Amino acid sequence: MTQYPSRTQQAGSADGIGLTARDAMHAPGPQVDDHMTVDVALSVLIGARVPHLLLRDEDGRCAGLVTRAQLAAHRGGSWYSDRTRLQDIPLDRGPFTSSGAALGEAEAAMRDRTLDVSPVIDEHGYALGILALTSRAITP
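All values derive from a computational prediction rather than experimental measurement.

J.: I'd like a rundown of the packing of helix H2 (residues 38–48) against helix H3 (residues 68–75), residues and numbers included.
T.: Running from N to C, H2 and H3 point in directions that differ by 145°, and their axes come no closer than 10 Å. Here H2 runs over H3; the crossing is left-handed. Along the contact surface, H2 presents Val 38, Asp 39, Ala 41, Leu 42, Leu 45 and Ile 46, while H3 presents Arg 68, Leu 71 and Arg 75. Of the residues belonging to the contact of H2 with H3, the class tally is six nonpolar, no polar and three charged.

J.: Hey, could you go over the side chain of His 52 for me, with residue numbers and the actual values?
T.: Here His 52 lies in strand E2 (residues 52–56). Discounting chain neighbours no more than four positions away, the residues touching His 52 are Pro 28, Leu 45, Leu 65, Val 66, Thr 67 and Ile 130.

J.: Tell me about the sheet that holds strand E3 (residues 62–67), and name the residues and values.
T.: Reading across from one edge, E1-E2-E3 is the order of the three strands in this open sheet, with mixed pairing throughout. Edge positions in the sheet fall to strand E1 (31–33) and E3, since each has one partner strand and no second. Direction aside, the axes of adjacent strands within the sheet are offset by 35° on average. For E2 and E3, the ladder comprises five bridges, and the chain directions are antiparallel. Within E3, the position partnered with Leu 54 by the bridge is Leu 65. Against the sheet, H2 touches E1, E2 and E3, its axis set at about 135° to E2.

J.: Go over the sheet that holds strand E4 (residues 97–98) with me, naming the residues and quoting the values.
T.: Strand pairing in a sheet relies on backbone hydrogen bonds, with the paired strands running either antiparallel or parallel. Pairing is mixed in the open sheet, where three strands are placed in the order E4-E5-E6. Each edge of the open sheet carries a strand with a single partner, namely E4 and strand E6 (127–132). Bridge analysis of E4 against strand E5 (residues 117–121) gives two bridges, and the strand direction is parallel. Note that in E5 the partner of Thr 97 across the bridge is Val 120. Where helix H4 (residues 103–112) meets the sheet, its contacts fall on E4, E5 and E6, and the angle it forms with E6 comes to roughly 70°.

Criteria and thresholds
Residues numbered from 1 in each chain as written. Predicted model: local features only at pLDDT ≥ 70, side-chain atom pairs only at ≥ 80, totals over all residues. Heavy atoms only, no water. Axes fitted to C-alpha atoms, helices over the stretch in contact; angles between N-to-C directions. Helix = DSSP H or I, 4+ residues; strand = E, 2+ residues; numbered from the N terminus. Left-handed = near helix turned anticlockwise from the far one by under 90°. Contact = heavy atoms within 4.5 Å. Nonpolar A, V, L, I, M, F, W, Y, C, P; charged D, E, K, R; others polar. Pairing = 2+ DSSP bridges.

Here's what the structure looks like:
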């Protein structure tokens, strides 16, 4: 398993200048296939005690990110059935954060899209980690 540096272990200045999304990302956590049912995905989330799951498509590439709140909301809908699959529910499906993106630009894009977390992907679309917004303000 690849270990990624924490924000305190990273090179670069304290204001994030010169850092990339790869420098600031956290380990990706559990990844599941997007054809998994909502019920099973919710069980995985609860069992792993994580706030989100990364979704993979049939080729193993990042297909999205789902949170417990999103799953619970879809599970409670009148249209829901125990056969509903993750690929069938509306989720953020990208664009995702490139590992080489400048950290400030990546965070600004996330704020524009009102995302708290975003998958960080490589040049082939495979998930490398998760970028979470920090509380610091982004300066132009």
